[in-house]
Amino acid sequence: MNWDDTTDPAAPERLVGSVADGEDQAVEAALRPKDLGEFIGQEKVREQLDLVLRAARARGATADHVLLSGAPGLGKTTLSMIIAAEMGAPIRITSGPAIQHAGDLAAILSSLQEGEVLFLDEIHRMSRPAEEMLYMAMEDFRVDVIVGKGPGATAIPLELPPFTLVGATTRAGLLPPPLRDRFGFTAHMEFYEPAELQRVVHRSANLLDVEIDPHGAAEISGRSRGTPRIANRLLRRVRDYAQVKADGVITREIASAALAVYEVDARGLDRLDRAVLQALLKLFGGGPVGLSTLAVAVGEERETVEEVAEPFLVREGLLARTPRGRVATPAAWNHLGLTPPRPAGTGNGQQNLFGG
């Protein structure tokens, strides 16, 4: 329903990963909403963005530059396409990592049409020279093209037609203030509530011609980590199971059985997430334990544990990062059905420091 193509550390084969692989991108193109009225969730962002676009249309001007931040899969690319559609303008899509030189950016900017929307994904990963060129382009619709080298180099000013830049980032804190300040409208995309994801699942099921009841949609949305992209991916896998193992209708029982096959539990944890928790609880008594030690225990790279598994576990309140290391919370023990060890000095007739 609402997605973006932002890369993320999760491997594409993870069913609950936020990155969009080739299959996701093909399906997303067919399911993307075409206007703000179809876009589900992000109520405040939609309301504010609608005012910005309506006012720009009423003035007959291009819309202000827009910065969208938030986790992968929440709809940043979709909103950029909606902005272009609402303004009746074409859209050009590129990404920060693809712009490594100022000349790369100059070539893109000089070919823009008046009113065109330039979507720059992962804008925080753009090179510094290109970033500095973008300052002037956003503010004055002009760039200086350097011709020649050394003392004989000259700067040729190049006028640009008015355009709208839509920047997307998963790490807004990495954007330098001068760049952030040049955006007329900034918005942060929040994770979705289960009720919103149910609407996403129902809409996608209708477009995919899949029969699903409310309980089946609730089961899928509850395991989707608050992310529409994951909800749609789980819907497609449950659809496959329902077609092969049942009559094609997705119910709560069918959804639960299908996601058990794919090792996605009731809270949206997959094999890697559970492996991290099990190692932390069973091998290290709930911690604290260092990240490197924990990574060795689960047979994964340190970066995989830190960037792929931990963010969701921390957000779910199952794991905490402390100065001494990773620590499991009581919710983690409950989720895996384990009993936390008793604190030292309690029970078995031992006395505490006060003789109790």
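You'll find the structure just up there.
Residues numbered from 1 in each chain as written. Predicted model: local features only at pLDDT ≥ 70, side-chain atom pairs only at ≥ 80, totals over all residues. Heavy atoms only, no water.

What follows deals with the sheet that holds strand S1 (residues 66-69). Strand order across the open sheet formed by five strands is S2-S3-S6-S1-S7, with parallel pairing between neighbours. Both outer strands of the open sheet, strand S2 (91-95) and strand S7 (185-188), are each paired with one neighbouring strand and no more. Pairs of neighbouring strands in the sheet enclose a mean axial angle of 15°, with direction left out of account. Relative to strand S3 (residues 117-121), S2 is paired through five bridges, and the arrangement is parallel. Bridge pairing in S3 links Ser95 to Asp121. (Pairing = 2+ DSSP bridges. Helix = DSSP H or I, 4+ residues; strand = E, 2+ residues; numbered from the N terminus. Axes fitted to C-alpha atoms, helices over the stretch in contact; angles between N-to-C directions.)

The alternating pattern of S7 places Phe185 and Ala187 on a buried face and Thr186 and His188 on a face that is not buried. Across four bridges, the pairing between S1 and S7 is parallel. Across the sheet, residue Val66 finds its bridge partner in S7, namely Phe185. (Buried < 20%, exposed > 50% of the residue type's maximum accessible area, 1.4 Å probe, protein only.)

So, on to the pattern of salt bridges. Following the criterion strictly, the structure yields 17 salt bridges and no others. A salt bridge links Glu219 to Arg223, with the shortest nitrogen-to-oxygen separation between them at 2.5 Å. Owing to a relative accessible area of 5%, Arg223 belongs among the buried residues under this scheme. The closest approach of N and O atoms between Arg274 and Asp265, which form a salt bridge, is 3.6 Å. In this structure, Arg274 and Asp265 share a single accessibility class: buried. Counted as one network, the salt bridges with shared partners bring together Glu219, Arg223 and Arg252. (Salt bridge = Lys/Arg side-chain N within 4 Å of Asp/Glu carboxyl O.)

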